[in-house]
Amino acid sequence: MPEESIVLPRDFSHNLADYESCRHTFDWQLERSRLDGLPGNRGLNISHEAVDRHAKTELADTIAIRWVGKDRSVKDFTYADMHHLTSRFANALVELGIQKGDKVFTLTGRIPELYIAALGTFKTTAVFSPLFSVFGPEPIFQRLSRGDGKILVTTRALYEKRIKALMDRLPLLRFILLTDEEADIDEKVLSLPRLMEEAYDDFFIPATDPEDPALLHFTSGTTGMPKGALHVHNAVLMHYVTGKYVLDFHRGDIFWCTADPGWVTGTSYGIIAPLVCGVTSVIDEEEFDAARWYSILEEQKVNIWYTAPTAIRRLMRVNLAPLEKYDLKSLRLICSVGEPLHADAVRWAEKTLGMPILDNWWQTETGGIMIANYATLKIKPGSMGRPLPGTEAAIANVTETSIQIIDEPGKQGQLVLKKGWPSMFRGYLHDEERYNKCLRGEWYITGDLAKIDADGYFWFVGRADDIIKTSGHMVGPFEVESVLMEHPEVAEAAIIGKPDPVIGEIVKAFIVLKAGLSGDENTQMDIIGFARKKLGPAVAPKEIAFVTELPKTKSGKILRRLLKARELGLPEGDVSTLEQS
Ligand code: AMP
């Protein structure tokens with residue numbers, strides 16, 4: 001393993017002064033005591049910690065959210081504004097009959113209403129579930145129906161384009177709240193501005209057990225449709241701790257998380273963590289654009305920037321000399337998550353942005369950052385860093401029924417986490433079996449392969465399953481293959497992630513056409529178009545190859561691993577289970 005390491009200058013008083021001593025003395029109870037809790041000992045509610053408690057202090061007039069619109073117009077929301085707006089939203093939900101545990105979904109771009117809806121929903125003890133606005137109708141339908149969505153907040157355009165045709169298939173969906181309509185469309189499709197206008201701007205948060213569900217985030221599985229990972233209000237403790245020790249939030253900081261809340265990072269760190277820590281969170285409505293991003297860093301005087309490897313690789317490709325062109329002096333920390341951050345990206349940032357990027361690792365199920373590089377710990381470029389104080393990570397050999405921790409540095413195995421951190425998911429909605437499958441005794445099996453070195457640093461190796469990461473999105477093969485099979489000419493389909501220098505992996509499909517058909521370029525375009533329409537461009541395959549058969553196990557399971565090895569010209573590995581044709 002590389003010996004290279006980087007040490008950041010110690011010219012700032014970081015919250016995590018000394019990793020080792022913090023690890024030894026860390027106490028979750030003590031950290032919990034730094035949160036407020038609902039007045040009257042009535043529990044712990046995310047929105048009280050993130051908004052209401054600050055609105056009663058000197059932070060009331062501090063900007064909680066600075067929203068930058070596509071046209072660069074800026075809207076500021078102070079903690080006091082957020083207190084009132086989220087209260088209005090909560091009152092509107094109650095008025096519509098929403099109760100504890102009901103699921104409130106959003107399907108919007110990064111508009112202020114999304115953030116207000118999230119925090120307003122937490123207040124009512126209903127469960128918030130954000131969807132990516134780039135999803136096509138099929139992934140939207142799967143998630144809304146599996147998640148028992150009762151309310152959907154969306155825009156008129158998205159409603160017309162993606163939702164209207166699904167309404168008959170979603171009997172549980174009671175109301176659609178349109179963010180950009182002044183008047184109701186009918187008794188089911190309502191105007192959110194009207195509801196907000198009519199609602200009272202103070203809300204009494206009901207008693208909230210820390211174990212009450214708060215968030216539902218869908219993630220992809222290898223077999224079957226997306227899984228809804230359920231998180232509870234107690235997760236806010238993790239958001240607070242990681243905001244403090246990993247993102248190093250200090251009062252007065254300006255923080256920018258580029259992630260969309262459709263992905264867990266955009267919720268845990270694009271909404272909750274910065275507000276819990278009382279800093280100002282910048283939100284950009286627009287998608288990636290290198291010049292725009294650098295100018296936002298400059299104009300908004302961003303101190304801490306949290307982004308993802310796909311975006312970093314895009315920045316690396318454009319020939320901008322940011323330090324010559326932009327004033328990035330406010331920037332103190334850059335962190336990244338979501339995919340492997342290769343050593344060259346860390347070094348590029350050191351040279352081009354004036355500081356290395358600190359990689360960290362976590363996933364939908366963990367609800368918060370679990371392994372990280374810290375400003376005060378030496379960085380080994382290419383490593384995900386070390387476990388968050390208060391948590392334990394290890395490498396293990398895992399079988400169907402057992403787990404054996406590997407103590408030997410450098411040995412590859414499954415990355416596992418000791419159960420019990422506050423933001424650990426509490427289950428997959430309606431799927432206890434799948435939840436139990438990823439638990440062995442006191443350990444949670446992450447599905448990733450990794451190694452640990454002699455200094456306790458973790459190194460990502462790959463996924464232990466067939467899940468694809470494309471532009472930071474988790475794509476489950478089954479979901480895509482099911483849609484491809486609906487195409488009238490497709491008999492069988494299998495997808496793999498094909499390595500791509502910018503977006504990590506592209507989705508490539510191998511397709512067996514129905515008997516007597518032969519595929520040409522037009523068929524390829526037709527199938528890609530069909531998949532894009534149903535799945536949305538972020539999920540649909542970008543490449544298609546026609547094959548006469550797919551490699552399968554004797555029990556009929558498609559061997560995607562073999563397809564991938566063949567595509568990449570790699571050794572085929574153990575093919576003893578391969579069906580002989
Ligand atoms: P998601 O649940 O969509 O956030 O995806 C989680 C998965 O993304 C993890 O299980 C990893 O496979 C991958 N991932 C997240 N962070 C990193 C990282 N820092 N390095 C490598 N892979 C990562």
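Quick caveat: nothing in here was measured; it's all calculated off a predicted structure.

Quick notes on the rules
Residues numbered from 1 in each chain as written. Predicted model: local features only at pLDDT ≥ 70, side-chain atom pairs only at ≥ 80, totals over all residues. Heavy atoms only, no water. Axes fitted to C-alpha atoms, helices over the stretch in contact; angles between N-to-C directions. Helix = DSSP H or I, 4+ residues; strand = E, 2+ residues; numbered from the N terminus. Left-handed = near helix turned anticlockwise from the far one by under 90°. Contact = heavy atoms within 4.5 Å. Nonpolar A, V, L, I, M, F, W, Y, C, P; charged D, E, K, R; others polar. Domains from an automatic or database assignment. Buried area = accessible area lost by both parts, 1.4 Å probe. Salt bridge = Lys/Arg side-chain N within 4 Å of Asp/Glu carboxyl O. Polar contact = N/O pair within 3.5 Å; in protein donor to acceptor, adjacent residues only side chain to side chain. Buried < 20%, exposed > 50% of the residue type's maximum accessible area, 1.4 Å probe, protein only. Pairing = 2+ DSSP bridges. Right-handed = clockwise from strand over helix to strand, strands pointing away. Near = heavy atom within 4 Å. Areas by Shrake-Rupley, 256 points an atom, 1.4 Å probe, with all protein chains shown as cover. Disulfide = S-S within 2.5 Å. Core = buried A, V, L, I, M, F, W, Y, C linked by side-chain atoms within 4.5 Å.

**Student:** I'd like to hear about the packing of helix H3 (residues 46-55) against helix H4 (residues 79-95), residue by residue, with values.
**Tutor:** At a minimum axis distance of 8 Å, the contact between H3 and H4 shows a crossing angle of 115 degrees. In this structure, H3 meets H4 at a crossing whose hand is left-handed. In contact with Ala-50, Val-51, Asp-52, His-54 and Ala-55 of H3, H4 contributes Tyr-79, Ala-80, Met-82, His-83 and Thr-86. Residues of the contact of H3 with H4, tallied by class, amount to six nonpolar, three polar and one charged.

**Student:** Break down the domain arrangement of the chain for me, citing the residues and quoting the values.
**Tutor:** The assigned domain composition of the chain is domain 1 (19-452) and domain 2 (467-568). Across the boundary between the two partners, domain 1 contributes 24 residues, which contact 25 residues of domain 2. Between domain 1 and domain 2 the total buried area reaches about 1,900 Å² when both faces are included, carbon and sulfur atoms providing 58% of it. The salt bridge involving Arg-143 is made with Glu-479; its shortest N-O contact spans 2.9 Å. On the surface where domain 1 and domain 2 come into contact, there are six residue pairs in polar contact (both at pLDDT 80 or more). Among the elements of the structure, helix H6 (137-146) and helix H12 (309-317) are those that each provide at least two residues to the side of domain 1 that touches domain 2. The biggest single contributor to the side of domain 1 that touches domain 2 is H6, with five residues. Grouping the constituent residues of the side of domain 1 that touches domain 2 by class yields eight nonpolar, 10 polar and six charged.

**Student:** Go over the pairing of strand S6 (residues 175-178), please, and point to the residues and values.
**Tutor:** Residues Phe-175 and Leu-177 point to one face of S6 and Ile-176 and Leu-178 to the other, with burial holding for every one of them. Relative to S6, strand S5 (residues 149-154) is paired through four bridges, and the arrangement is parallel. Looking at S6, one finds that Leu-152 is bridged to Ile-176. Chirality of the crossover, the property in question, places the unit of S5, helix H7 (residues 156-163) and S6 among those that are right-handed.

**Student:** Describe the site of the ligand, and please don't skip the residues or the numbers.
**Tutor:** Taken together, 17 residues are adjacent to the ligand, and Trp-263, Asn-360, Gln-363, Thr-364 and Asp-448 come closest. The side chain of Gln-363 places a nitrogen or oxygen atom 2.9 Å from an oxygen atom of the ligand. When the free accessible area of the ligand is taken as 500 Å², the share hidden by the protein chains comes to 98%. Of all elements in the fold, only strand S14 (358-361) and strand S23 (458-463) reach the threshold of two or more residues within the shell around the ligand. Ranked by residue count, the leading element in the shell around the ligand is S14, at three residues. Considering only residue class, the shell around the ligand consists of eight nonpolar, four polar and five charged.

**Student:** Tell me what's going on with the state of the cysteines, and back it up with residues and numbers.
**Tutor:** What the rule picks out here adds up to zero disulfides. Free cysteine: Cys-335, not disulfide-bonded; nearest cysteine sulfur from Cys-257 at 10 Å.

**Student:** Explain unusual backbone geometry residue by residue, including any values.
**Tutor:** Residue Asp-148 is not a glycine yet carries a positive backbone phi of 55 degrees. Looking at the element boundaries, Asp-148 is found in the loop between H6 and S5. We classify Asp-148 as partly exposed; its relative accessible area is 23%. Even without a glycine there, the phi angle at Ser-471 is positive, about 50 degrees. The residue Ser-471 is located in the loop between strand S24 (468-470) and strand S25 (473-475) in this model.

**Student:** For the nonpolar core, give the residues involved together with the corresponding values.
**Tutor:** Of all hydrophobic cores here, the largest spans 173 residues; its most connected members are Leu-177, Trp-305 and Tyr-306. Taken domain by domain, this core gets at least three of its residues from each of domain 1 (19-452) and domain 2 (467-568). If we skip the residues at most four places from it in the chain, Leu-177 touches Phe-89, Leu-96, Ile-151, Leu-152, Val-153, Thr-154, Leu-190, Leu-192 and Leu-195. Residues Ala-494, Ile-496, Phe-510 and Leu-563 belong to the second largest nonpolar core, which totals seven residues.

**Student:** Tell me about the pattern of salt bridges, and name the residues and values.
**Tutor:** Here the structure, examined in full by the defined rule, presents 41 salt bridges. Here Asp-184 makes a salt bridge to Arg-194, at a shortest N to O gap of 3.0 Å. Here the residue Asp-184 occupies a position in the loop between S6 and strand S7 (189-191), and Arg-194 occupies one in helix H8 (residues 192-198), the gap between them amounting to 10 residues. Taking the relative accessible area as the measure of exposure, Asp-184 reaches 32% and is therefore partly exposed. Where salt bridges share partners, they join Arg-156, Glu-160, Lys-164 and Glu-181 into one cluster.

**Student:** Hey, could you go over helix H11 (residues 290-299) for me, with residue numbers and the actual values?
**Tutor:** Most of H11 is tucked away, with seven of its 10 residues classed as buried. Those residues of H11 that sit buried are Ala-290, Arg-292, Trp-293, Tyr-294, Ser-295, Ile-296 and Leu-297. By the N-cap criterion, in which a side-chain oxygen at the helix start approaches the backbone nitrogen of a residue two or three places on, H11 is capped by Asp-289, the distance to Ala-291 being 3.3 Å. At the exit of H11 stands Lys-301, carrying a positive phi of roughly 50 degrees.

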